[in-house]
Structures are given as structure tokens and as C-alpha cells.
Amino acid sequence: MEGDILGEILTIEEVAKYLRVSERTVYDWAQKGEIPAGKIGTVWRFKKTEVENWVNARLSSDLQKQNETVVQVKNILSPDRVIFINHTSKRDALTQLADVLSTAPQVKNAQELTQEIMNREDLMSTAIGRGIAIPHVRLSSVTDLVMAVGVCKKPVEDYQSIDDVPVQLLFMIAAAYNQHSYYLKTISHFSGMLKSSELREKMLNAQTEREVYELLLG
């Protein structure tokens, strides 16, 4: 019985290992009252069941926030990640746009991003018709969803679009592994937005990258 009780009581070190965070982080949480904890003498102790319930509540809350998140272009795209592309091959166009997306602070491994974008294309073309392609990946080396946009001044003929229309608008999205819901919502958002032939035409006729960015902001 005593062994069962002791097994239920965790130290800072044990909680840190369980949550895969630093001991300092656990200590700070305990000091601020952010994690259920109590002091025995001068040291912090934690009930295993209370920690588990706290983790489940936090994860559920984060998931709900993701589900409720509205896609706002200004939060995932900056003017410097909107570019004009002059390449006519899919691989060259994607490489150029991946290089631009890699400048975002959310992307921690540029080489992995480019490679996984290419791997995704090898599996199945991300061209969705109407001259649009939405290459997308989720990676552990990406800390938050981010995107780059390329307007191809020359049609990309080898993109294998479902309607055989050459691609001229590229929307590249990279997200963290745990952003599945937000990731799908973002892809859907731009797929819907780009159904507007007026918007597509304005983007293709834009004189500057800034103009394209302003069009996407609406």
C-alpha cells in the first residue's frame, strides 16, 4: 500500500521527464500555481493523477483553440514571402518558393522543407486546377503554420494539374505536426478564396509583389 502511495507522488525531476520539459520549467509552473503541486517541507511534490488530468485538460484546450482558429492571412504571410517566379519547370519553381518560405523564423530546417515539399509532389501533384497549386507539408522542424506565395509570370507546364491548365499561382504552406486541423482549414480557406476568377486575374496582372499581398489580405 505504501509503495502505491509513493508511486503516486512525483518529484520535479520525474514530472519534467514525464512532460519532456526542463526541471526549471516545472519549478516555475509550480511557483506560479500553473500546475497542481504542493510543498512537503521545502520541496515541491506532485500527485501523478493530478498531473495527468492537468495535461489532458491542457491538450484538450489547445485542440479546441486550433479548431476555433480563424485563418487570417496577415498572421501566416508577410509581404517579403510573396514573389514573382520566372521558372517554367515545377521543380525550379518549387525550389525558389521553398527557399523564400525557409526565411520565415517558424522554419528551422530549410533543407528538410525543400526535400519534403518535393517528396510530397512525387507522391501526388498538388495542382488543384484553375492554374493553382497548393504544395503543403507538416514537419517537426516547423514551429507554427506559415506560408509563401508565388505568382508565376510564365506558366509552369509540367505540374500535372487535374484539368491540364498550367500552374501560375503557387501557395506553399508549412505547418507543425500538431496543427492538423488548422493546416486543413488553411488549405481549404485558400482553395475557396481562389475560386474567384476575378481575384486570380488581379493576382496575375499585379505589377508588384506588395500588390499581390494586399489582394490576399482582402
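Digging into the overall build of the chain
- What the chain contains, in helices and strands, is 10 helices and nine strands.
- Taking 218 residues into account, the globule formula puts the C-alpha radius of gyration at 17 Å, and the chain, at 23 Å, lies well above it.
- Seen along its three principal axes, the alpha-carbon backbone of the chain occupies a region of about 75 × 35 × 25 Å.
- Sequence-distant contacts in the chain: of pairs separated by 6 or more residues, those separated by 24 or more amount to 68%.
- For the chain, the accessible area works out to roughly 12200 Å², and carbon and sulfur atoms hold 49% of it.
- Computed over 25 positive and 29 negative side-chain charges, the inter-centroid distance for the chain is 3 Å.

Some remarks on the sheet that holds strand β3 (residues 43-47)
- Across the sheet, which stays open at both edges, the three strands sit in the order β1-β3-β2 with antiparallel pairing between neighbours. Looking along the sheet, the strands with just one partner apiece sit at the ends: β1 (9-10) and β2 (38-40).
- Pairing of β2 with β3, which is carried by three bridges, proceeds in the antiparallel orientation. Bridged to Gly38 within β3 is Arg45.

Considerations on the pattern of salt bridges
- Here the structure, examined in full by the defined rule, presents five salt bridges.
- Lys90 is the partner of Glu121 in a salt bridge, and the nearest nitrogen-oxygen pair spans 3.4 Å. Of this pair, Glu121 sits in helix α7 (residues 110-123) while Lys90 is found in helix α6 (residues 90-101), placing the two residues 31 residues apart along the sequence.
- Between Glu214 and Arg210 there is a salt bridge; the shortest N-O distance is 3.0 Å.

A closer look at the pairing of β3
- Judged by which residues are buried, β3 turns out to be one-sided: Trp44 and Phe46 face inward and are buried, whereas Val43, Arg45 and Lys47, on the alternate face, are not.
- As judged from the two bridges shared by β1 and β3, these two strands associate in the antiparallel manner. Counterpart to Ile9 in the pairing with β3 is Lys47.
- Between β2 and β3, which pair antiparallel and follow one another directly, the connecting turn spans two residues, one of which, Gly41, has a positive phi of 70 degrees.

So, how was this worked out
Residues numbered from 1 in each chain as written. Predicted model: local features only at pLDDT ≥ 70, side-chain atom pairs only at ≥ 80, totals over all residues. Heavy atoms only, no water. Helix = DSSP H or I, 4+ residues; strand = E, 2+ residues; numbered from the N terminus. Rg over C-alpha atoms; globule rule 2.2 N^0.38 Å. Contact = heavy atoms within 4.5 Å. Areas by Shrake-Rupley, 256 points an atom, 1.4 Å probe, with all protein chains shown as cover. Lys, Arg positive; Asp, Glu negative; His and termini not counted. Charge placed at Lys NZ, Arg CZ, Asp CG, Glu CD. Pairing = 2+ DSSP bridges. Salt bridge = Lys/Arg side-chain N within 4 Å of Asp/Glu carboxyl O. Buried < 20%, exposed > 50% of the residue type's maximum accessible area, 1.4 Å probe, protein only.

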